[in-house]
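Report on the structure
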Amino acid sequence: MNFLRGVMGGPSAGPQPSGAETIQKLCDRVASSTLLDDRRDAVRALKSLSKKYRLEVGIQAMEHLVRVLQTDRSDSEIIGYALDTLYNVISNDLEEEEQEENSPKQVDDLGSQFTEIFIKQQENVTLLLTLVEEFDFHVRWPGVKLLTSLLKQQGPQVQQIILVSPMGVSRLMDLLADSREVIRNDGVLLLQQLTKSNAAIQKIVAFENAFERLLDIITEEGNSDGGIVVEDCLLLLQNLLKNNNSNQNFFKEGSYIQRMKPWFEVGDDNCGWSAQKVTNLHLMLQLVRVLVSPTNPPGATSSCQKAMFHCGLLQQLCTILMATGVPADILTETINTVSEVIRGCQMNQDYFASVNAPSNPPRPAIVVLLMSMVNERQPFVLRCAVLYCFQCFLYKNQKGQGEIVSTLLPSTIDGNSVSAGQLLCGGLFSTDSLSNWCAAVALAHALQENATLKEQLLRVQLATSIGNPPVSLLQQCTNILSQGDKIDRRGSKVQTRVGLLMLLCTWLSNCSIAVTHFLHNPANIPFLTGQIAENLGEEEQLVQGLCALLLGISIYYNDNSLENYRKEKLKQLIEKRIGRENFIEKLGFISKHELYSRAAQKPQPSFSSPDHMMFDHEFTKLVKELEGVISKAIYKSSEEDKKEEEVKKTLEQHDNIVTHYKKVIREQDQELEELKQQVNTLKSQNEQLQTTVTQQVSQIQQHKDQYNLLKVQLGKDNQHHNSHSDTVQMNGIQVEEVSKLKEELEEWKNKHELLQGQLREKDSLIEKLKPSQLETGTEQSSQASKSSGLEHSELQKELEMLRTQIQLQSAEITKLQAENQKLQVMNTSADPALGDSSATAAKNLELEGRLVQEVKELKNEVKALSEEKASLKQHLDSSNSTVAILQDEKSKLQQEVAESKKEQDDLLVLLADQDQKLSALKNKLKDLGVPVEDEDDIESGDQADEDEDGDEEEQD
């Protein structure tokens, strides 16, 4: 303990040992002490010496400290001391007073060397990952700091060790969920170092729910109003998303883009922007740009752009764009962000075109931005951002290009308001060279890959001065170009001419009409040849190269409509005034220029100073496309041109035929598609009808089943009634027999009454006959007596017969009445049972009535369904006949397609024969010593003629 007191600064006798000796003794104590307290005190002493004697502690104690981490894990205090000591040795984050003796380079080398020694044994890093899992603050926090320092010193090696370690990355992800902010924040810094330039680890971290946790932390800290923790989280998000398509897609699919919208909800009171808020918002804007960067795959960029529009993020950015009081750097980055969110996305471009600035009267946001671009008092980076925004707005946006060009046309100019076209013309002809260049490049983007607008722009007329006739925009551009340095301008002397030449090259390329208008001015060609032929300084070489490019475009896209400026004459002029080799050399100055290489790297115009603002990204693509074909066109002879023209005409004829058949085939394909759609529609209708019929049949079957069930239930009820009536039998006589006897009795009573009525009628007839017999005369008495006697005897016989029948029937009635009385006596006891049976019978009658009614309803439904089925069947037959007709038409169309294909094959055979003839002629020409060019030259010429023909067709 006396030794430890001496080390810790206590009083001791004798000479003081040196630092190295003290460290050696402490290392021996750590290695040899059996008591944990002694080892802990020794490690604590090493920790206190590690900053001052970093080299000695690192060399002598590192091995012993690692052994402590392995053997004394049960004691968190000694583990914490050991981790802190290792951190002091490896880390380069030293105090200023401790760096006085060493240069920063030496410090960096020392930390890197100790890191290399530590990670040479991969088990050390795995052990450190295990210690980071401990919840004890004194172990976990030093472990996180040490691991972060290792990653700073030897990032790729440590990343690989962690990557192959089981659950290595997952253990570190748990740091984000730690409730102690110090550990959580240092965990974010650790993950920053871990995810640098390692796509595999980035993917693992992303799929460990890192996006959700980081966005939660940003929200908890107050979004853009948060502190340094928000900045660290945003830097980590950038590491995870930048150049990682998988993570970008995961971020979009997880609906995390929607959670970015609250970041940009800045209040109306924009005063008091703190430095941290500016930094946070700057990083947030950069994170949006990472998702929609032009270097990303087009499909991923497009989906992110659409998601940003639908969630309202683009609208929020436009609000910041038009707000007041926003810092200049935030406004610049917002413009760049909006640019890439709308680039190439028609929906977003249309929305941006509809955004108005909050002014009186309201002006379109595009007009307000262009005002800033042509205003030389605005910051340079802001003007570059506005130019980039305008370029992105017009990128693949023919609708937007047309709207911009229409503001220049005479019929649409509004004198009461400032338009985009007026601002561009004002910038193009101002005395500020940077405004000239920006306006020229912006106008060139309005014409990019749009031959129709190139022709329409030829109609633009400019009023140069009072009393002078108006001149065309093309003529004014060439006039300013020819004046050169005669006009006093602010800025670079070359910049204006470079911008105008880029505009003219873009305008004339792939537009023969514009070339004709350009050549119609007799001063243009002499000016270009004069510029190219001169030997000027290095700055002027760029202008010479662009003039050579413009002259080459005038030759390549020349339709020979002007006799004095035909292709052959222009080539002869180059040969005499400049020389072909010299012309090609000057043309090559463009692509060899350093600023050309910088501009070709990315679409965004980023320049360190206005003097470096020379080339546009899209123009570099045009130069790359035209440089080779122009070089070949210069060396072609007139005979070759004629041959090419003949071949072109032949190929054009064949192309026209092929195009015609392609058009026919396309129309037939469209008809086939329409017929297929009709067939599919009829099939779907047929299926629907079949489904309806099936449902109705099933309903009928259900009704039948219900009917059968009711019949079965009714039968059961009848059986129950019969079984109940069996109990009511008495002396072998059933209730049904009693009812039959009653009915017979009633019948006999009716017959008896009928016979009684007949008997009364006969008696009345006899009574009538008696008085008539007494009144008859004497002379007729004998005859009357005879006749009346006969009639009386007959009546007496009938009367006797009737009486006999009446007596028999009376006897039978009496007998039946007696039997009826007996039956009534016998059935007296059975009256209750008979009452129940009558109730049951009434119930059965009611059920039968209901059943009959339901049967009637079912029959009606069956009848209706059968009628509907018949109509459906009729409709189905008609649809089948329609399908048959369509199939016949389809077979006819297929036959026509086959015939057209056969004709195409014949044409291809003819083309092959022609190619053989051409190759034979070429061989003969070669044998005769005539130079013959390759097929590539012919194909390039063919392409040019095709383009010229396309332009002529559009002009017609």
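Keep in mind the model is a prediction, meaning the values are calculated, not measured.

Thresholds applied
Residues numbered from 1 in each chain as written. Predicted model: local features only at pLDDT ≥ 70, side-chain atom pairs only at ≥ 80, totals over all residues. Heavy atoms only, no water. Helix = DSSP H or I, 4+ residues; strand = E, 2+ residues; numbered from the N terminus. Contact = heavy atoms within 4.5 Å. Areas by Shrake-Rupley, 256 points an atom, 1.4 Å probe, with all protein chains shown as cover. Buried < 20%, exposed > 50% of the residue type's maximum accessible area, 1.4 Å probe, protein only. Salt bridge = Lys/Arg side-chain N within 4 Å of Asp/Glu carboxyl O. Expected span 1.5 Å × (residues − 1). Axes fitted to C-alpha atoms, helices over the stretch in contact; angles between N-to-C directions. Parallel < 35°, antiparallel > 145°, perpendicular 65-115°, else oblique. Nonpolar A, V, L, I, M, F, W, Y, C, P; charged D, E, K, R; others polar. Phe/Tyr/Trp six-rings, centres within 6.5 Å; stacked < 30°, edge-to-face > 60°. Patch = residues over 30% accessible without salt bridge, like charges linked within 9 Å, V, L, I, M, F, W, Y side chains within 5 Å. Lys, Arg positive; Asp, Glu negative; His and termini not counted. Charge placed at Lys NZ, Arg CZ, Asp CG, Glu CD. pLDDT = per-residue confidence, 0-100. Disulfide = S-S within 2.5 Å. Arc of directions from axis to C-beta.

**Some thoughts on the overall build of the protein**
- A count of helical and extended segments in the protein gives 40 helices and 4 strands.
- For the protein, contacts bridging at least 24 residues in sequence account for 74% of all contacts bridging at least 6.
- With an accessible surface of roughly 51,000 Å², the protein has 50% of that area assigned to carbon and sulfur atoms.

**Focus on unusual backbone geometry**
- Residue Glu449 is not a glycine yet carries a positive backbone phi of 55°.
- With a phi angle near 60°, Asn560 is a residue other than glycine that sits in the positive phi range.
- Looking at the element boundaries, Asn560 is found in the loop between helix 31 (538-556) and helix 32 (567-577).

**Concerning the side chain of Thr478**
- If you trace the backbone, Thr478 turns up in helix 27 (residues 473-483).
- With a relative accessible area of 6%, Thr478 lands in the buried category.
- Aside from chain neighbours lying at most four places away, what touches Thr478 is Leu504, Phe518, Asn521 and Asn524.

**A look at the pattern of salt bridges**
- Summed over all chains, the structure comprises 26 salt bridges.
- With a closest N to O distance of 3.0 Å, Arg259 and Glu212 form a salt bridge. Taken together, the residues span a long stretch of sequence, with Arg259 in the loop between helix 15 (245-253) and helix 16 (275-291) and Glu212 in helix 13 (residues 210-220) at a distance of 47 residues.
- Across the salt bridge formed by Lys399 and Asp350, the nearest N and O atoms sit 3.9 Å from each other. With a gap of 49 residues between them, Lys399 in helix 23 (residues 398-406) and Asp350 in helix 20 (residues 346-354) connect regions that are remote in the sequence.
- Within this structure, Asp37, Arg40, Asp41, Arg44, Asp75 and Glu77 form a network of salt bridges that share partners.

**Some details on helix 17 (residues 298-310)**
- With 13 residues, helix 17 should cover 18 Å at 1.5 Å per step; its first-to-last C-alpha distance of 18 Å lies within 8% of that length.
- Those residues of helix 17 that fall on the buried side of the exposure criterion are Thr301, Cys304, Gln305, Ala307, Met308 and Phe309.
- As for helix 17, its buried residues are in contact with helix 15, helix 16, helix 18 (313-322), helix 19 (328-342) and helix 20.
- Immediately downstream of helix 17, the backbone of Gly312 shows phi near 90°, a positive value.

**Some details on the packing of helix 17 against helix 20**
- Two elements in contact, helix 17 and helix 20, have axes whose closest approach is 9 Å; the angle formed by their N-to-C orientations is 40°. Taken as axis vectors, helix 17 and helix 20 run oblique relative to one another. Between helix 17 and helix 20, the contacting residues are Gln305, Lys306, Phe309 and His310 on the first element and Met347, Asn348 and Tyr351 on the second.
- Along the lines of polarity and charge, the residues of the contact of helix 17 with helix 20 split into 3 nonpolar, 3 polar and 1 charged.

**Focus: the packing of aromatic side chains**
- Scanning the entire structure with this criterion turns up 13 aromatic pairs.
- Considering the side-chain rings of Phe251 and Tyr256, the 5.5 Å spacing of their centres and the 40° angle between planes classify their relative orientation as tilted. Each of the two residues, Phe251 as well as Tyr256, counts as buried.
- One aromatic cluster is present, built from ring pairs that chain together Phe207, Phe211, Phe250, Phe251 and Tyr256.

**Some words on a negative patch on the surface**
- There is a patch of like negative charges on the surface, built from Glu667, Asp669, Glu671, Glu673, Glu674, Asp888, Glu889, Glu896, Glu899, Glu903, Asp905 and Asp906.
- Only helix 36 (638-726) and helix 39 (831-927) provide two or more residues apiece to the negative patch.
- Among the elements that line the negative patch, the one with the most residues is helix 39, at 7 residues.
- Residue Glu673 is classed as partly exposed on the basis of its relative accessible area of 43%.

**Quick word on the environment of Ala385**
- With respect to the helices, strands and loops of the structure, Ala385 is situated in helix 22 (residues 380-394).
- Residue classification places Ala385 among the buried residues on the basis of a relative accessible area of 2%.
- Sequence separation of Ala385 and Asn336 is 49 residues, and the distance between their C-alpha atoms is 5.6 Å.
- Residues contacting Ala385, with those up to four places away along its chain left out, are Thr332, Ile335, Asn336 and Ser339.

**Description of the confidence of the model for the protein**
- Confidence in the prediction of the protein, expressed as mean pLDDT, is 81, and 76% of residues score 70 or more.
- The model gives residues 772-792 a pLDDT under 50, and that stretch makes 5 contacts with residues more than four places away or in other chains.
- Contacts from residues 829-838, a stretch scored under 50 in pLDDT, to residues over four places away or in other chains number 8 contacts.

**Things to note about the state of the cysteines**
- Evaluated as defined, the whole model comprises 0 disulfides.
- Of all cysteine sulfurs in the structure, the one in Cys438 sits closest to Cys384, which takes part in no disulfide; the separation is 6.3 Å.
- Taking relative accessible area as the criterion, Cys384 reaches 6% and is therefore assigned buried.
- Left unpaired, Cys547 is separated from the closest cysteine sulfur, that of Cys505, by 8.4 Å.
- Residue class for Cys547 comes out buried when judged on its relative accessible area of 1%.

**Side note on helix 13**
- Every buried residue belonging to helix 13 is among Ala210, Phe211, Leu214, Leu215, Ile217 and Ile218, and all of these are buried. Viewed along the axis of helix 13, the buried residues span an arc of 155°, placing them on a single side of the element.
- Buried residues along helix 13 sit against helix 10 (168-173), helix 11 (181-194), helix 12 (199-207), helix 14 (228-241), helix 15 and helix 16.
- Two residues or fewer past helix 13, Gly222 is found with a positive phi of approximately 105°.

**Digging into the side chain of Lys454**
- By the secondary structure assignment, Lys454 is in helix 26 (residues 451-457).
- With sequence-adjacent residues up to four places away left out, Lys454 is seen in contact with Leu447, Thr506, Trp507, Ser509 and Cys511.

**Focus on the environment of Ser302**
- Tracing the backbone shows Ser302 in helix 17.
- Taking the relative accessible area as the measure of exposure, Ser302 reaches 26% and is therefore partly exposed.

**Some details on the environment of Gln159**
- Here Gln159 shows up in helix 9 (residues 155-164).
- Through-space distance from the C-alpha of Gln159 to that of Lys196 is 9.1 Å; in sequence the pair is 37 residues apart.

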